[in-house]
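# Notes for the structure review
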Amino acid sequence: MDDKTLSCDVLIVGGGPAGLSVASTLPDDVKTVIVHQDQEIGLPIRTSGACWLQDVERLGIPQDMCKRMASTEVFSDNEQATLDLGEVVPVILDTPRLYKWLAQQSDHKDRQLLLGTKFLTTRARTDGRYASTIRSRDRTEMQVISTYIVDGSGWHFSVLDALGLVAKPERLAVGTEYEYPLGQNPPDRVIAFAGKKVPAGYGWAFPTAQGSVRIGVGVLQPDTDQSPRKLLDAVVQDKPYLARLGLDLSGTPVVHGGILPSVAYGERLVFGNVIRVGDCANFATPTIGEGIRVCIELGRLLGEELGQAVRTGQRKPLKRYERICRRKLARDYKWGFLVNRRAARYKPANWNAAVRRMRQVGPEALVATFRGEFPLIKIMQISRNLIWLLIRARWRRLRAALGRG
Ligand SMILES: Cc1cc2nc3c(=O)[nH]c(=O)nc-3n(C[C@H](O)[C@H](O)[C@H](O)COP(=O)(O)OP(=O)(O)OC[C@H]3O[C@@H](n4cnc5c(N)ncnc54)[C@H](O)[C@@H]3O)c2cc1C
């Protein structure tokens, strides 16, 4: 083996939360290489980092890596609601710190983390192993020979695409965020806005753990051909609109941007010795595109199962990973994707009605919808609530009509 060739059990493509979580639970002696095209873990920022305190606790994430939110508000063009989320606490994760912490979880293992290094392509060799070509920033190319490859490259689908296993997603959630000094904004208020300003998408704003405030807009393409950056510019230049949202933005913002697949959940995750995880396995919730907690949980699961596969040479552990993910996500994400498709077609009047409904449904149904969790009992609760609201609205209209008559 020359100095331009590396050999390992597992090649992980992508050092985002999914790939890093896989590495964190692989057995210490499994030889692993992670290639990550960015120069630093967690930067540039390509995500908002909204999550829930219960998940931060469950996943053992240090609590100083998140900021708790005390109030959640939603705005449409004509309506506004302060949401009652019950006991559930939304938080904003400090993602650069969190991702670095995730990377540290495998520092002591037999793993090599190659930063500023891009996976280019791969081919299956006759001995069943893969020969992958990677390139560093100085344009040096190297080969990585591995038994397994984990595709954790997010929306790029780098490995799946190179091997022609799964086509790159055609429908994408594309987001842009501006980060300003916190100024007069409350340090614990998160808002979402939808309507005329954001066709086929929604906007958000929240304070960060670093004493700043971020405002962003995300749209579904090709449902709309609008650029999120232009829409965001229109929002931040509209002073009366910002005043209505209760936002104080001043100074030159730092710009962040990110992309997320927005397609139906694909149940197949294992293709022989190539396995997908994270965004390239559509792990983010189809309702609000929240993926970090899911990537960490299921990435860790993959690390454990892959460790077994490396040890025993059996396929069973990988099939178990696929099955557990299917059980956890497939049904919920089918419902969630229906909500996603429907909301993408919402007109401003639909958003007004949606915000009115949010004021009336209970915390359980709200949180379930945001988290993309739709067990049968919650679906029944949500439908019962909606039917009741519908009857009340019809009754009010009838009474008004009779009154006019
Ligand atoms: C605008 C926006 C806002 C979001 N907000 C939230 C939120 O509030 N809360 C939440 O939970 N989730 C949010 N998400 C979703 C969340 O960010 C993703 O679900 C999560 O980051 C997916 O993790 P991942 O590791 O699968 O992929 P990524 O985070 O995309 O990481 C993959 C990494 O692989 C690298 N890579 C790609 N191709 C190659 C290659 N060929 N070679 C080497 N490296 C490569 C990329 O540079 C990237 O850093 C948001 C997403 C977007 C786009």
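Structure: above.
What you see is a predicted model, and the numbers here were worked out from it, not measured in a lab. (Residues numbered from 1 in each chain as written. Predicted model: local features only at pLDDT ≥ 70, side-chain atom pairs only at ≥ 80, totals over all residues. Heavy atoms only, no water.)

### Some details on helix H5 (residues 228-237)
Among the residues making up H5, those that are buried are Pro228, Leu231, Leu232, Val235 and Val236. Burial along H5 is one-sided: seen end-on, the buried residues are contained in an arc of 130 degrees. Of the exposed residues in H5, those oriented more than 90 degrees away from the buried face are Lys230 and Gln237. Where H5 is buried, its residues touch strand E12 (172-181), strand E13 (189-195), strand E14 (198-207), strand E15 (212-221) and helix H6 (239-245). (Buried < 20%, exposed > 50% of the residue type's maximum accessible area, 1.4 Å probe, protein only. Helix = DSSP H or I, 4+ residues; strand = E, 2+ residues; numbered from the N terminus. Arc of directions from axis to C-beta. Contact = heavy atoms within 4.5 Å.)

### A word on a nonpolar patch on the surface
A contiguous nonpolar patch, built from Trp395, Leu398 and Leu402 and spanning about 350 Å² of accessible area, is present on the exposed surface. Structurally, Trp395 is set in helix H11 (residues 376-404). (Patch = residues over 30% accessible without salt bridge, like charges linked within 9 Å, V, L, I, M, F, W, Y side chains within 5 Å. Areas by Shrake-Rupley, 256 points an atom, 1.4 Å probe, with all protein chains shown as cover. Salt bridge = Lys/Arg side-chain N within 4 Å of Asp/Glu carboxyl O.)

### Remarks on the sheet that holds strand E3 (residues 50-52)
One open sheet holds the 3 strands; their spatial order is E3-E7-E4, and the pairing between them is antiparallel. The open sheet has two free edges, formed respectively by E3 and strand E4 (66-68), since each of these has just one partner strand. Strand after strand, the sheet turns through a mean of 40 degrees between neighbouring axes, direction not considered. Note that E3 and strand E7 (residues 90-93) share 3 bridges and pair antiparallel. Directly across from Cys51, in E7, lies its bridge partner Val91. (Pairing = 2+ DSSP bridges. Axes fitted to C-alpha atoms, helices over the stretch in contact; angles between N-to-C directions.)

### As for the packing of aromatic side chains
In total, this model carries 4 aromatic pairs according to the counting rule given. Consider the rings of Phe193 and Tyr241, whose centres lie 6.0 Å apart with planes at 80 degrees: the pair is edge-to-face. Highlighted residues: Phe193 in strand E13 and Tyr241 in helix H6, separated in sequence by 48 residues. Owing to a relative accessible area of 1%, Phe193 belongs among the buried residues under this scheme. Residue class for Tyr241 comes out buried when judged on its relative accessible area of 9%. (Phe/Tyr/Trp six-rings, centres within 6.5 Å; stacked < 30°, edge-to-face > 60°.)

### So, the side chain of His36
Following the sequence through the fold, His36 ends up in strand E2 (residues 32-36). The class of His36 is buried, set by a relative accessible area of 8%. If near-sequence neighbours (up to four positions away) are discounted, His36 is found in contact with Gly14, Gly15, Gly16, Ile41, Leu114, Leu115, Gly116 and Thr117.

### As for the state of the cysteines
Per the counting criterion, the structure on display carries 0 disulfides. Free of any disulfide, Cys51 has its nearest cysteine sulfur in Cys66, 7.9 Å distant. Relative accessible area serves as the criterion here: at 4%, Cys51 is assigned to the buried category. Of the cysteine sulfurs around Cys280, a residue in no disulfide, the closest is that of Cys295, at 9.0 Å. Cys280 gets classed as buried once you look at its relative accessible area, which sits at 0%. (Disulfide = S-S within 2.5 Å.)

### Some remarks on the site of the ligand
Looking at the ligand, there are 35 residues lining it, with Thr47, Ala50, Phe119, Asp279 and Ile292 nearest. Within the backbone of Ala18, an N or O atom sits 3.0 Å from an oxygen atom of the ligand. At 3.2 Å, a backbone N or O of Gly289 approaches a nitrogen atom of the ligand. Mapped by element, the contributors of at least two residues to the shell around the ligand are helix H1 (17-25), E2, strand E9 (117-124), strand E16 (254-261) and helix H7 (292-312). (Near = heavy atom within 4 Å. Polar contact = N/O pair within 3.5 Å; in protein donor to acceptor, adjacent residues only side chain to side chain.)

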